[in-house]
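Summary of structural features
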Amino acid sequence: MIAVLMGGNSAERKVSLDSGEAVYQALKSQHIECFKFDWHGDNLNSLWSQKFDLAFIVLHGRGGEDGVIQKQLEDRHIAYTGSNSTASANGMDKHLCKEIWQSESLPLAPSVLVNKESQLPDINFSLPWAIKPASEGSSIGISKVTNRSQLDSALTLAQRYDDKILIEQWIAGEEYTVAILGNKTLPVIKIVTDQDFYNYESKYLSNTTQYLCPCDLSKEQENQLQKIALKAFQAINATGWGRVDFILDKHNAPCLLEINTVPGMTSHSLVPMAAKAAGITFAQLVQQIIDEA
């Protein structure tokens, strides 16, 4: 019996519910015994009262992607999909993740960390800047600052979601993403948006965002991105499946943005899209994620 854990109480709740429904329907189509569990953050006792052998985690954002639910399952010796609690925490905290990647000499934009109660540190890199909550997903709470006078309002927005804020040099360029299944990379997807960046609106609301797979990179460039993505994935000890996002600057130099250890699994999500390009159906993708657990 498989429990599909979905919902949660993060800012990504709606996306998680859609992901969970898609996974649940894929399991049902293969006649796999399963049930949906909508976690609200305070109703886990009703989950533990049910019998199941595996948790398929499609909880995005806090609580589901940061190691919290993984630790609860580990404490009860229940198998689950995706990365363990430590790797999940490493991936969710953008600042910590960048420190790990920096120790592996992976390509990153310069950044500084701001704590809500502390003074603003010196910023020794040029505008524009990206202001990001350190532990939030789906580009929620992110602003582009082109003038220092915009910084306070950008920090105020980001602090609605987290006490720790990352100020990062804005890298102008094209966005790409690499999905990982097991220890293999899937075809690279190029993301084309008419927004300033691939924000919440362009991810979930816009009809104009384009996803190019195959992308416009040479085989050599694509291989380079896949190699960096796999190294970034393994550096935080992520396992099972995930997605690594990049910017390629005007010189086509790659820069890591972030990692998703529980990516979206809706019909429009990027991991299923990359899997389809590799000849893997949605149902097969779900089964392979289970096999990796």
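Refer to the structure printed above.
Structure report, in brief. (Residues numbered from 1 in each chain as written. Predicted model: local features only at pLDDT ≥ 70, side-chain atom pairs only at ≥ 80, totals over all residues. Heavy atoms only, no water.)

For the protein chain, the helix and strand inventory stands at ten helices and 14 strands. Radius of gyration (C-alpha) of the protein chain: 19 Å, near the 19 Å computed for a compact globule of 293 residues. Across its three principal directions, the C-alpha atoms of the protein chain cover 55 × 45 × 35 Å. Burial analysis of the protein chain (293 residues in total) assigns 53% to the buried set. Nonlocal contacts in the protein chain, meaning residues at least 24 apart in sequence, comprise 65% of its contacts between residues at least 6 apart. On the protein chain, roughly 13,400 Å² of surface is accessible, and the fraction owed to carbon and sulfur atoms is 46%. Charged side chains in the protein chain number 25 positive and 34 negative. The centres of these two groups are separated by 1 Å. (Helix = DSSP H or I, 4+ residues; strand = E, 2+ residues; numbered from the N terminus. Rg over C-alpha atoms; globule rule 2.2 N^0.38 Å. Buried < 20%, exposed > 50% of the residue type's maximum accessible area, 1.4 Å probe, protein only. Contact = heavy atoms within 4.5 Å. Areas by Shrake-Rupley, 256 points an atom, 1.4 Å probe, with all protein chains shown as cover. Lys, Arg positive; Asp, Glu negative; His and termini not counted. Charge placed at Lys NZ, Arg CZ, Asp CG, Glu CD.)

The next thing to look at is the pairing of strand β6 (residues 129–133). The buried fraction of β6 is high, at five of five residues. The two faces of β6 match: Trp129, Ile131 and Pro133 on one face and Ala130 and Lys132 on the other face are all buried. Across three bridges, the pairing between β6 and strand β7 (residues 143–145) is antiparallel. Among the inter-strand pairings, Ala130 is bridged to a residue of β7, identified as Lys144. (Pairing = 2+ DSSP bridges.)

With that out of the way, let us pick up the sheet that holds strand β4 (residues 79–80). Taken in spatial order, the four strands make up an open sheet running β2-β1-β3-β4, and their pairing is parallel. A single partner strand is all that each edge strand has here, and the edge strands are β2 (34–39) and β4. One ladder, built from two bridges, connects strand β3 (residues 54–57) with β4; its direction is parallel. The residue of β4 that forms the bridge with Ala55 is Tyr80. Where helix α1 (residues 13–29) meets the sheet, its contacts fall on β1 (2–7), β2 and β3, and the angle it forms with β1 comes to roughly 160 degrees. (Axes fitted to C-alpha atoms, helices over the stretch in contact; angles between N-to-C directions.)

A separate point is the packing of aromatic side chains. Enumeration according to the criterion identifies two aromatic pairs in this entry. Here the aromatic rings of Phe35 and Phe52 are separated by 6.0 Å at their centres, their planes lie at 80 degrees, and the arrangement is edge-to-face. Residue Phe35 is found in strand β2, and its partner Phe52 is found in the loop between α2 (44–48) and β3; the two are separated by 17 residues along the sequence. Each of the two residues, Phe35 as well as Phe52, counts as buried. Arranged with centres 6.4 Å apart and planes meeting at 75 degrees, the rings of Phe125 and Trp129 form a pair that is edge-to-face. In terms of burial, Phe125 and Trp129 fall into one category: buried. (Phe/Tyr/Trp six-rings, centres within 6.5 Å; stacked < 30°, edge-to-face > 60°.)

This brings us to the environment of Leu248. Positionally, Leu248 belongs in strand β13 (residues 241–249). Exposure remark for Leu248: the relative accessible area of 4% places this residue in the buried category. Separated by 70 residues in sequence, Leu248 and Val178 have C-alpha atoms that sit 13 Å apart. When neighbours within four sequence positions are excluded, Leu248 is seen to be in contact with Ala172, Gly173, Glu174, Tyr176, Leu217, Leu225, Ala253 and Pro254.

With that out of the way, let us pick up the sheet that holds strand β8 (residues 164–169). Each strand in a sheet pairs with another by means of backbone hydrogen bonds, the pair being arranged parallel or else antiparallel. An order of β5-β8-β6-β7 is seen for the four strands of this open sheet, with the pairing classed as antiparallel. Pairing within the sheet leaves two strands with one partner each, and these edge strands are β5 (111–115) and β7. Taken over all neighbouring pairs, the strand axes of this sheet differ in orientation by 25 degrees on average, direction set aside. Here helix α5 (residues 94–103) sits on the sheet in contact with β5, β6 and β8, set at roughly 50 degrees to β8. On top of the sheet, helix α6 (residues 151–158) reaches β6, β7 and β8; it is set at about 25 degrees to β6, its chief contact.

Honestly, it's all geometry; don't read function into it.
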